[in-house]
Amino acid sequence: MASIKLKDIYKVYPGDVKAVSDCNIDIEDKEFVVLVGPSGCGKSTVLRMIAGLEEITAGELYIGDRLVNNVPPKDREIAMVFQNYALYPHMTVYKNMEFGLKLHKVPKDEIKKRVFEAAKILEIESLLDRKPKALSGGQRQRVALGRAMVRNPAVFLLDEPLSNLDAKLRTAMRAEIIKLHKRLETTFVYVTHDQTEAMTMGDRIVVLKDGFIQQIDTPQNLYDYPCNVFVAGFIGSPQMNLLDGTVVKSGSGFAVQFGECTIHIPDTKLAKTDLSKYEGKQVRLGIRPEDLDDNAEFIEQHKDSAAEAYVEISELMGAEVYLNLTCHGTKITARVDSKTKSRTGDTIRIALDENRIHLFDMETGLVIIN
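Computed from a predicted model, the values in this text were never measured in an experiment. (Residues numbered from 1 in each chain as written. Predicted model: local features only at pLDDT ≥ 70, side-chain atom pairs only at ≥ 80, totals over all residues. Heavy atoms only, no water.)

*Asks:* Describe in detail the overall build of the protein, supporting the description with residues and values.
*Replies:* In terms of helices and strands, the protein carries 10 helices and 21 strands. Oriented by its inertia axes, the alpha-carbon framework of the protein measures out at about 80 × 45 × 35 Å. Looking at the protein as a whole, 50% of its 370 residues qualify as buried. Of the roughly 18000 Å² of accessible surface on the protein, 48% is carried by carbon and sulfur atoms. (Helix = DSSP H or I, 4+ residues; strand = E, 2+ residues; numbered from the N terminus. Buried < 20%, exposed > 50% of the residue type's maximum accessible area, 1.4 Å probe, protein only. Areas by Shrake-Rupley, 256 points an atom, 1.4 Å probe, with all protein chains shown as cover.)

*Asks:* Run through unusual backbone geometry, naming residues and quoting values.
*Replies:* Going from Ser237 to Pro238, the amide bond is cis rather than trans, its omega being -5°. Relative to the assigned elements, Pro238 resides in the loop between α8 (229–234) and β11 (241–250).

*Asks:* Residue-level account of helix α4 (residues 137–149), with values.
*Replies:* Here α4 spans 18 Å end to end across 13 residues, near enough to the 18 Å set by a 1.5 Å rise per residue. Extensive coverage of α4 is indicated by the burial of 10 of its 13 residues. Looking at the buried side of α4, the elements it contacts are β6 (78–81), α2 (93–103), α3 (108–122), β7 (155–159) and α5 (167–184). (Expected span 1.5 Å × (residues − 1). Contact = heavy atoms within 4.5 Å.)

*Asks:* I'd like a rundown of the sheet that holds strand β19 (residues 347–352), residues and numbers included.
*Replies:* The strands that make up a sheet are held in pairs by hydrogen bonds between backbone atoms, and each pair lies either parallel or antiparallel. What the 5 strands build is an open sheet, ordered β15-β19-β16-β17-β18; its pairing is antiparallel. At either end of the open sheet lies a strand with only one pairing partner, and these are β15 (292–293) and β18 (330–337). The pairing of strand β16 (residues 307–316) with strand β17 (residues 320–327) spans 6 bridges and is antiparallel. Bridged to Leu316 within β17 is Val321. (Pairing = 2+ DSSP bridges.)

*Asks:* Outline the pattern of salt bridges, supporting the account with residue identities and numerical values.
*Replies:* Enumeration according to the criterion identifies 16 salt bridges in this entry. Between Glu54 and Lys11 there is a salt bridge; the shortest N-O distance is 3.6 Å. Here the residue Glu54 occupies a position in the loop between α1 (43–51) and β4 (58–63), and Lys11 occupies one in strand β1 (residues 4–13), the gap between them amounting to 43 residues. Put simply, Glu54 and Arg48 hold a salt bridge, and the shortest N to O gap is 3.6 Å. The class of Glu54 is buried, set by a relative accessible area of 19%. By relative accessible area, which is 28% here, Arg48 ends up partly exposed. Salt bridges here are not isolated pairs; linked through shared partners, they connect Lys11, Arg48 and Glu54. (Salt bridge = Lys/Arg side-chain N within 4 Å of Asp/Glu carboxyl O.)

*Asks:* Now, about the pairing of strand β2 (residues 17–27): what can you tell me, with residues and values included?
*Replies:* For β1 and β2, the ladder comprises 7 bridges, and the chain directions are antiparallel. The partner of Val12 across the bridge, within β2, is Lys18. Hairpin connection of β1 to β2: 3 residues between the antiparallel strands, including Gly15 at a positive phi of 90°.

*Asks:* Describe the nonpolar core, with residues and values.
*Replies:* In this structure, Met97, Leu145, Leu158, Ile177, Tyr190 and Val207 are the most contacted members of the largest nonpolar core, which totals 46 residues. Contact partners of Leu145, with chain neighbours within four places excluded, come to Val81, Leu122, Phe156, Leu158, Met173, Ile177 and Leu180. Within the second largest apolar cluster, 32 residues are counted, among which are Val283, Ile287, Ala309 and Ala334. (Core = buried A, V, L, I, M, F, W, Y, C linked by side-chain atoms within 4.5 Å.)

*Asks:* Go over the state of the cysteines with me, naming the residues and quoting the values.
*Replies:* Here, disulfide denotes a covalent bond that connects the sulfur atoms of two cysteines. Tallied over the entire structure, the rule returns 0 disulfides. No disulfide involves Cys327; its sulfur sits 6.7 Å from that of Cys261, the nearest cysteine. Relative accessible area serves as the criterion here: at 4%, Cys327 is assigned to the buried category. (Disulfide = S-S within 2.5 Å.)

*Asks:* Can you lay out the side chain of His181 for me, pointing to particular residues and giving the numbers?
*Replies:* Along the chain, the position of His181 falls in helix α5. In terms of polar contacts, His181 uses its side chain to reach the backbone carbonyl oxygen of Lys30, at 2.8 Å. Once you skip the residues sitting within four places of it in the chain, His181 turns out to touch Lys30, Glu31, Phe32, Thr186, Phe188 and Asp203. (Polar contact = N/O pair within 3.5 Å; in protein donor to acceptor, adjacent residues only side chain to side chain.)

*Asks:* Mind laying out the sheet that holds strand β5 (residues 66–67), listing which residues take part and the relevant values?
*Replies:* If you walk across this open sheet you meet the 4 strands as β2-β1-β4-β5, and the pairing is antiparallel. Bordering the open sheet on either side are β2 and β5, each of which pairs with just one other strand. This element, α1, spans β1, β2 and β4 of the sheet and lies at about 115° to β1. (Axes fitted to C-alpha atoms, helices over the stretch in contact; angles between N-to-C directions.)

*Asks:* Report on the packing of α2 against α3, specifying residues and quantitative values.
*Replies:* Two elements in contact, α2 and α3, have axes whose closest approach is 10 Å; the angle formed by their N-to-C orientations is 135°. If you check the angle between α2 and α3, you find them oblique. In the packing of α2 onto α3, the handedness of the crossing is right-handed. Of α3, the residues touching α2 (which contributes Tyr94, Met97, Glu98, Leu101 and Lys102) are Ile111, Lys112, Arg114, Val115, Phe116, Ala118 and Ala119. Of the residues in the contact of α2 with α3, the class split is 8 nonpolar, no polar and 4 charged. (Parallel < 35°, antiparallel > 145°, perpendicular 65-115°, else oblique. Left-handed = near helix turned anticlockwise from the far one by under 90°. Nonpolar A, V, L, I, M, F, W, Y, C, P; charged D, E, K, R; others polar.)

*Asks:* Explain the packing of aromatic side chains residue by residue, including any values.
*Replies:* In the structure shown here, the tally under the stated rule is 6 aromatic pairs. Cluster of aromatic residues (ring-pair linked, three or more members): Phe32, Phe156, Phe188 and Tyr190. The cationic tip of Lys249 hangs over the ring face of Phe254; the distance from NZ or CZ to the ring centre is 4.5 Å. Here the guanidinium or amino end of Arg288 rests over the ring plane of Tyr223, the centre of that ring lying 3.9 Å away. (Phe/Tyr/Trp six-rings, centres within 6.5 Å; stacked < 30°, edge-to-face > 60°. Lys NZ or Arg CZ within 6 Å of the ring centre and 35° of its normal.)

This is a description of form; function is not addressed.
Written as structure tokens, this is what we have:
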């Protein structure tokens, strides 16, 4: 098993196109780390540099204690699972799974043992004689995982392995990969653009944007304590509401003026930072959809932050309802109980929990208060 260390890594393509800049990540042995971000953010490039499929422009990459910048992929003790499965169509499942081992001249008996062990874990024993075209997407993905498993790698690299599957199967395979990680006790590095996948699978998440790391933290900390506006808006579904307001003095404290609504900043939050330098300036206020409610009791508790809103669309999600609202010209989303009486076309009262607000600097996007 192995840890992975990326130290001051850069990747620059011809034409001075910077794909990854100043990338520093320490991945512990047996950890499950997810690289997440929008398309083109550099996450797959980072993974491919770890695999040895992309040359590192600058910086140092260690797997365990070994510097591997110039070590070929086959000698890095890694196994990679691709988005498109990359199975050989003319070979059976068994032959696909044994192929890498044959190249490494592993004895036949050992090959057979490893293939059958992996097939049993992944529940594909009955598929060993089939060819990929006779398999479903989920079965192909299991074969791709099995082909990686039989090599007993120190590191598993997975590049958007579930993106070709339908929603139900994707959820099932997420659980399978989590169980596989716990069973194999191997280091996993997983790339996805789906933040729900990232939140449910990773021990830690690396959020990237435009080739730069924005934040590395546990899923819960990323959700509760985003370091900037990008992370706040990217992590969470539905995403965080972001409202532009002005910081004003309010008694001995401060508030944010938003339209006709004045949202008072609780003393517990004011104790963490000096807001006086923002007085009279615009800031961005963030509030999660679940911290908004149209419930009468909730509104009474937070009446200072209550405002009128128009329900553009009411979406029933089963146990809860997403209310897509317009409030003082700004579109926001509230995640409320399914017993709500608010319907599409209604004008309602809505309030937010002041204890759950986030404030961000309008110019830098960096967090002021979490």
